[in-house]
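# An overview of the molecular structure
Single-letter residue listing:
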Amino acid sequence: MLKTQLTEVERRIQAACKRAGRKREEVTLIAVSKTKPIEVLKEAYDLGVRIFGENKVQELTEKYEQLPSDIHWHMIGHLQTNKVKYIVDKAELIHSVDSLKLAETIEREAEKKNCIARILVEVNVAEEESKFGLKTSEVIPFVDKISKYPHINVCGLMTIAPFVENPEKNRPIFADLRKLSVDIRHKNVDNSNVSILSMGMTNDYEVAIEEGATMVRVGTGIFGARDYGMKM
Ligand SMILES: *Cc1c(COP(=O)(O)O)cnc(C)c1O
């Protein structure tokens, strides 16, 4: 089942790239493995998956310890400052930086571990009250400020679009995030290279790719529905 679903996601990514006149290599697929047991991740690994996304620090670190070291781990969920120290040198990319306090903590912990933390700024483009992320208007001053931190590398922007029946409804949101990243690049903020656009999930990744996503985060589409009742 996993193989069939992975093949199908890959096929759809290729088709979306083709429609948009983009190269397949421009889009990175992150297999969102949250709540899934180690054996399922191993199966995905054996099928060639090397990039996994997790949204909880403890789950990420447990899986990190148990699986091969050539896996790239992405922290895609909301991050509490007191947990930064556990993942700052394990996550290849933190997708969810949304406050100065969090950025300051990442800077401090990265300095202690003598690493450079690669991060994305999470933007709540749709300004949904239930979601984390900066408002669009707050992003440029924020990037300006945190790109001065020597142990943080601002690599791009991330958004979680609203859940909608028809993914077309999210197209303007993805287009807005892309516009914002172009604006930031035009400002040429030192020490930032805002080239990553992490947007699109199972329900809407094809539209996101058509609108310029460079990373899509797909969970259900690869691994099937999540069972939150199950204890990891
Ligand atoms: C769970 C999650 C995903 C994947 O969601 P699916 O709809 O299962 O593809 C993507 N991004 C974030 C931030 C998530 O928490």
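Residues numbered from 1 in each chain as written. Predicted model: local features only at pLDDT ≥ 70, side-chain atom pairs only at ≥ 80, totals over all residues. Heavy atoms only, no water.

### Examining the pattern of salt bridges
Across all of its chains, the model carries 17 salt bridges by this definition. Across the pair Arg24 and Glu10 runs a salt bridge whose closest N-O atoms are separated by 2.8 Å. Here Glu10 lies in helix H1 (residues 2-20) and Arg24 lies in the loop between H1 and strand E1 (28-32), a separation of 14 residues in the sequence. A salt bridge links Arg22 to Glu26, with the nearest nitrogen and oxygen atoms 3.0 Å apart. The exposure class assigned to Arg22 is buried, which follows from its relative accessible area of 16%. Taken together, the shared-partner salt bridges in this structure form one network comprising Arg19, Glu168, Arg171, Glu210 and Glu211. (Salt bridge = Lys/Arg side-chain N within 4 Å of Asp/Glu carboxyl O. Helix = DSSP H or I, 4+ residues; strand = E, 2+ residues; numbered from the N terminus. Buried < 20%, exposed > 50% of the residue type's maximum accessible area, 1.4 Å probe, protein only.)

### A word on the site of the ligand
Taken together, Val32, Lys34, Ile76, Ile160, Met201, Thr202, Arg217, Val218, Gly219, Thr220 and Arg226 are the residues near the ligand. Between Thr202 and the ligand, the recorded distance is 2.4 Å, taken from a side-chain N or O atom to an oxygen atom. Separating an oxygen atom of the ligand from a backbone N or O atom of Gly219 is a distance of 2.8 Å. Protein burial of the ligand: of its 380 Å² of free accessible surface, 89% is covered by the chains. Per-class residue counts for the shell around the ligand are 5 nonpolar, 3 polar and 3 charged. (Near = heavy atom within 4 Å. Polar contact = N/O pair within 3.5 Å; in protein donor to acceptor, adjacent residues only side chain to side chain. Areas by Shrake-Rupley, 256 points an atom, 1.4 Å probe, with all protein chains shown as cover. Nonpolar A, V, L, I, M, F, W, Y, C, P; charged D, E, K, R; others polar.)

### Things to note about the environment of Arg217
Positionally, Arg217 belongs in strand E8 (residues 215-218). For the pair formed by Arg217 and Ser147, sequence separation is 70 residues and the distance between their alpha carbons is 25 Å. The residues contacting Arg217, other than those within four sequence positions of it, are Ile30, Val32, Ile76, His95, Met158, Thr159, Ile160, Ser198, Met199, Gly200, Met201 and Thr202. Within the structure, Arg217 has its side chain in polar contact with the backbone oxygen of Thr159 (distance 3.0 Å). (Contact = heavy atoms within 4.5 Å.)

### So, the side chain of Glu107
Mapped onto the fold, Glu107 is located in helix H5 (residues 100-112). At 9.3 Å, Arg108 is the nearest oppositely charged side chain to Glu107, a buried residue that forms no salt bridge. Apart from residues lying up to four places away in sequence, Glu107 is in contact with Tyr149, Pro150, His151 and Ile152. (Lys, Arg positive; Asp, Glu negative; His and termini not counted.)

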